[in-house]
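Understanding the architecture of this molecule
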Amino acid sequence: MSEIKACLFDLDGVIVDTAKYHFKAWKRLANELGIDFTEKENEQLKGVSRVESLQLILKWGGLEKNDSELQNLATLKNTWYVDMINKMKADEILPGARELLNELRANGIKIALGSASKNSEAILFKINLYDAFDAIVDGTIVSKSKPDPEVFLKGAELLGEKPENCIVFEDAVAGVEAAISGGMRVVGIGESQTLYKADWVVSGLDQINLKKLQNQLS
Ligand code: BG6
Ligand code: MG
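What counts, and at which threshold
Residues numbered from 1 in each chain as written. Chains lettered and ligands numbered in written order. Predicted model: local features only at pLDDT ≥ 70, side-chain atom pairs only at ≥ 80, totals over all residues. Heavy atoms only, no water. Helix = DSSP H or I, 4+ residues; strand = E, 2+ residues; numbered from the N terminus. Rg over C-alpha atoms; globule rule 2.2 N^0.38 Å. Buried < 20%, exposed > 50% of the residue type's maximum accessible area, 1.4 Å probe, protein only. Areas by Shrake-Rupley, 256 points an atom, 1.4 Å probe, with all protein chains shown as cover. Lys, Arg positive; Asp, Glu negative; His and termini not counted. Charge placed at Lys NZ, Arg CZ, Asp CG, Glu CD. Pairing = 2+ DSSP bridges. Right-handed = clockwise from strand over helix to strand, strands pointing away. Axes fitted to C-alpha atoms, helices over the stretch in contact; angles between N-to-C directions. Near = heavy atom within 4 Å. Polar contact = N/O pair within 3.5 Å; in protein donor to acceptor, adjacent residues only side chain to side chain. Core = buried A, V, L, I, M, F, W, Y, C linked by side-chain atoms within 4.5 Å. Contact = heavy atoms within 4.5 Å. Domains from an automatic or database assignment. Buried area = accessible area lost by both parts, 1.4 Å probe. Salt bridge = Lys/Arg side-chain N within 4 Å of Asp/Glu carboxyl O. Nonpolar A, V, L, I, M, F, W, Y, C, P; charged D, E, K, R; others polar.

**What about the overall build of the protein chain?**
Helix and strand content of the protein chain: nine helices and six strands. Expected size for 218 residues packed as a compact globule is a radius of gyration near 17 Å; at 17 Å, the protein chain falls within 12% of this value. Based on the C-alpha atoms only, the size of the protein chain along its principal axes is roughly 50 × 35 × 30 Å. Across the 218 residues in the protein chain, those meeting the buried criterion constitute 50%. Approximately 10400 Å² of the protein chain is accessible, and the part contributed by carbon and sulfur atoms is 47%. Charge centroids of the protein chain, computed over 26 positive and 33 negative side chains, lie 2 Å from each other.

**Some thoughts on the pairing of strand β2 (residues 110-114)**
Buried residues dominate β2, accounting for four of its five residues. Direction of pairing for strand β1 (residues 6-9) relative to β2: parallel, over a ladder of four bridges. Opposite Leu8, over in β2, you have Ala112 as the bridge partner. Summarising the sheet, β2 and strand β3 (residues 135-137) pair through three bridges and their orientation is parallel. Paired with Ala112 across the strands is Ala135, a residue of β3. Between the parallel elements β2 and β3, the chain passes through helix α6 (residues 120-126) in a crossover that is right-handed.

**Topic: the sheet that holds β2**
What the six strands build is an open sheet, ordered β3-β2-β1-β4-β5-β6; its pairing is parallel. Looking along the sheet, the strands with just one partner apiece sit at the ends: β3 and β6 (200-202). When strand polarity is set aside, the average angle formed by the axes of neighbouring strands in this sheet is 20°. The pairing of strand β4 (residues 166-170) with strand β5 (residues 185-189) spans four bridges and is parallel. Counterpart to Phe169 in the pairing with β5 is Val187.

**Here we look at the site of ligand 1**
Ligand 1 sits among 15 residues. The nearest are Asp12, Val48, Ser117, Lys118 and Asn119. Separating an oxygen atom of ligand 1 from a backbone N or O atom of Gly47 is a distance of 2.8 Å. Here Ser117 contributes a side-chain N or O atom positioned 2.6 Å from an oxygen atom of ligand 1. Starting from 400 Å² of accessible surface for ligand 1 in isolation, the protein chains cover 97%.

**Description of the nonpolar core**
Core analysis: the largest hydrophobic core is formed by 53 residues, its most contacted members being Phe9, Ile15, Phe169 and Leu213. With seven residues, helix α4 (residues 67-85) is the largest single contributor of residues to this core. Beyond its immediate chain neighbours, meaning those up to four positions away, Leu213 contacts Ile4, Cys7, Ile167, Phe169, Val187, Trp200, Ile208 and Ser218. With 19 residues, the next largest nonpolar core counts Val151, Val168, Val176 and Leu195 among its residues.

**Remarks on the environment of Lys27**
Relative to the helices and strands, Lys27 is located in helix α1 (residues 19-32). By relative accessible area, which is 29% here, Lys27 ends up partly exposed. Spatially, the C-alpha atom of Lys27 lies 8.5 Å from that of Asn42, the residues being 15 residues apart in sequence. Of note is the side chain of Lys27, whose polar atom sits 3.0 Å from the backbone oxygen of Phe37.

**A look at the domain arrangement of the protein chain**
How large an interface is tends to be reported as the accessible area lost when its parts come together. When its domains are assigned, the protein chain resolves into domain 1 (6-16 + 91-217) and domain 2 (19-85). Averaged C-alpha coordinates put domain 1 and domain 2 at centres separated by 24 Å. At the junction of the two partners, domain 1 supplies 14 residues and domain 2 supplies 14 residues. On the domain 1 side of the contact with domain 2, Glu92, Asn119 and Ser145 bury the most area, a combined 33% of that side's loss. Where domain 1 meets domain 2, there are zero salt bridges. In this assembly, domain 1 and domain 2 are joined by five residue pairs in polar contact (both at pLDDT 80 or more). For the side of domain 1 that touches domain 2, the per-class residue count stands at four nonpolar, four polar and six charged.

Structure (structure tokens):
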């Protein structure tokens, strides 16, 4: 298999545990609208953009909203979410993330962020990890949501690497699918029952180092 020249990381749920804050904010919004919302529904929102997530929740609840109501509800959810991420500290970086980023850089492997979030830069500054990335592709740049591969293809392009030389790290089903349809190898972060399409599934970045990556995926 091809050499590993670049690594592309999802943010929420891979680098930092913001997935729990998305869940809390969506649950609050859904419940205020009279819609039931559990971890099971939340799983389907991982990697999905803000407005598309809201559209799914409304669909599950059988509610219809016009465009301006939709925007207002998405903004309300984001206000609650931002309140939570503003209190975040560097100790919320998930175990092993900083160590792996450091090891990859020390070995000349290029690193990009590939996230659907429009809050990604704010989060990276907050946890003091902005400088660990050579390129940042996020929800402010991409026009098509995961499972479309745009976010990762753009990352590979910015890093100047071919998709077959890139590894993606993802906790979302939609993100794993995006990596695969972009022609990249993918490490699922989470449970193998959920992320069974990934080439390799681990519980967290603390289970990975460059040697293991090369052994599993090269
Ligand atoms: C993804 C999350 O990374 O970003 C989704 O997995 C979230 O849950 C999406 O909806 C958009 O995030 P934001 O911060 O722009 O609302
Ligand atoms: Mg994620």
